[in-house]
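# Summary of the model geometry
These are the residues of each chain, in order.
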Amino acid sequence: MKPVFDENGLATEPGEIRCYYYDAVTFEYMGWSDEYINLGVSMPGHSTDVEPVGVMEGYVAVFNDPGWLQEEDHRGDTVYSTIDGMPYVVDYIGKIKDGYTTAAPSGPYQKWDGQKWDGQKWVTDTDAQHAADVEAADQQKAKLLLEAQETISFWQTELQLGIISDEDKASLITWVNYIKAVKAVDTSTAPNIIWPTPPAV
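One numbering rule holds for all chains: residues counted from 1, following each sequence as written. Local features in a predicted model are, by the rule used here, given only for residues with pLDDT of at least 70; side-chain atom pairs are given and counted only at 80 or more, and totals for whole chains, interfaces and linings are based on all residues. Where side-chain values are given, they derive from all heavy atoms of the structure, hydrogens and water being excluded.

Turning our eyes to something else, we now look at the overall build of the protein chain. Within the protein chain, the secondary structure is distributed over 2 helices and 12 strands. Under the scheme used here, helices are H or I runs from DSSP no shorter than 4 residues and strands are E runs no shorter than 2 residues, and both carry numbers assigned from the N terminus. Its helices and strands taken in sequence order, the protein chain reads β-β-β-β-β-β-β-β-β-β-β-β-α-α from the N to the C terminus. C-alpha atoms of the protein chain, sized along the principal axes, occupy 115 × 40 × 25 Å. Considering the protein chain as a whole, with its 201 residues, one finds that 28% of them fall into the buried category. If you take every contact in the protein chain between residues at least 6 apart in sequence, the share linking residues at least 24 apart comes to 36%. For the protein chain, the exposed area adds up to about 13500 Å²; of that, 53% sits on carbon and sulfur atoms. Charged-residue counts in this description rest on Lys and Arg as positive and Asp and Glu as negative, His and the chain ends being excluded. In plain terms, the charge of a residue is placed at NZ if it is Lys, CZ if Arg, CG if Asp and CD if Glu. In the protein chain, 13 side chains carry a positive charge and 33 a negative one; their mean positions are 11 Å apart. Between buried and exposed lies partly exposed: a residue is buried under 20% and exposed over 50% of the maximum accessible area for its type, with that area taken using a 1.4 Å probe on protein chains only. The contact rule is simple, with two residues in contact once any of their heavy atoms fall within 4.5 Å. Residue-level accessible areas treat just the shown protein chains as cover; the underlying method is Shrake-Rupley with a 1.4 Å probe.

The subject of this paragraph is the sheet that holds strand 3 (residues 15-22). Taken in spatial order, the 3 strands make up an open sheet running 4-3-5, and their pairing is antiparallel. Edge positions in the sheet fall to strand 4 (29-37) and strand 5 (47-48), since each has one partner strand and no second. Here a strand pair is declared whenever DSSP counts at least two bridges between the two strands. Alignment of strand 3 against strand 4, held across 8 bridges, turns out to be antiparallel. What sits directly across from R18, in strand 4, is D34.

A separate point is the nonpolar core. Listed in full, the 10 residues of the largest apolar core are L144, A148, I152, W155, I164, L172, W175, Y178, I179 and V182. Contributing elements (two or more residues each) for this core: helix 1 (126-161) and helix 2 (166-183). It is helix 2 that contributes the most residues to this core, 5 residues altogether. Apart from the residues lying within four places of it in its own chain, the contact partners of A148 are W175, Y178 and I179. What we call a nonpolar core is a set of buried Ala, Val, Leu, Ile, Met, Phe, Trp, Tyr and Cys residues that are connected through their side-chain atoms within 4.5 Å.

Between D65 and the following residue, P66, the backbone shows a cis peptide bond with an omega angle of 20°. On the secondary structure map, P66 appears in the loop between strand 6 (59-64) and strand 7 (67-72). For the bond from A190 to P191, the omega torsion is 5°, close enough to zero to count as cis. Note that P191 resides in the segment after helix 2. The phi torsion at F27 lies on the positive side, around 65°, for a residue other than glycine. By the element assignment, F27 lies in the loop between strand 3 and strand 4. Assessed through its relative accessible area of 36%, F27 is described here as partly exposed. The phi angle at H46 is positive, at roughly 55°, despite the residue not being glycine. Here H46 shows up in the loop between strand 4 and strand 5. Taking the relative accessible area as the measure of exposure, H46 reaches 43% and is therefore partly exposed.

Right, let's get into the environment of I179. With respect to the secondary-structure elements, I179 resides in helix 2. Judged by relative accessible area, I179 falls into the buried class, the value being 10%. The spatial distance from the C-alpha of I179 to the C-alpha of E167 is 19 Å, given a sequence separation of 12 residues.

Moving on, we come to the packing of helix 1 against helix 2. With their axes 10 Å apart at the nearest point, helix 1 and helix 2 run at an angle of 155° to one another. Between helix 1 and helix 2, the angle falls in the class roughly antiparallel. Crossing angle aside, the handedness with which helix 1 passes helix 2 is left-handed. Residues K141, L144, L145, A148, Q149, T151, I152, W155, Q156, E158 and L159 of helix 1 pack against D168, S171, L172, W175, V176, Y178, I179, V182 and K183 of helix 2. Each residue belonging to the contact of helix 1 with helix 2 can be placed in one class, and the counts come to 12 nonpolar, 4 polar and 4 charged. Between N-to-C directions, angles cover 0 to 180 degrees, with each direction set by a line fitted to C-alpha atoms, over the stretch in contact for helices. An angle counts as roughly parallel when it lies under 35 degrees, as roughly antiparallel when it exceeds 145, as roughly perpendicular when it falls between 65 and 115, and as oblique in every other case. What makes a crossing left-handed is the near helix being turned counterclockwise from the far one by less than a right angle; a clockwise turn instead makes it right-handed. Nonpolar residues are Ala, Val, Leu, Ile, Met, Phe, Trp, Tyr, Cys and Pro. Charged residues are Asp, Glu, Lys and Arg, and all others, Gly as well, are polar.

Listed below in structure tokens is the structure:
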């Protein structure tokens, strides 16, 4: 026989009852047990006699007095910030929070296109990609100029001392023309750059 409880939840008649437990913080279903409730005693803490039924895959039963709700359960899934594309692991029950998506960006220069009529998706941020290409081209330009300067430094010393050979002088002129060509490269056109070919050493 099931117990009978008064308005304060205390048994006015003892008996056996199946208790369905829920977590004290998340209120998610944790399991059940059959308990004997003595006179004047309430049901165990964080429990109900209402059975959670028919929980769908990907959902979890969450107690919401007087019954149960089915809430999405994405815990452990990776989602991505629509602000900066950074990944986060879901640690809460419920729908994915606004500002996050389960779709991963396909590269480093992606931005979230939230246009409802065109479907929400990651698209290439052409400005950011171009800025990165220009920065890489500037670094390449500086590297080529440094290498060229190291190559001609000894010949420049010979020229200043007036002891340079005609062959080395010709090489110096060729490399100086190469340096001028590298300096003339417009890195703002990156990545569509054809770098000058360095002279044979």
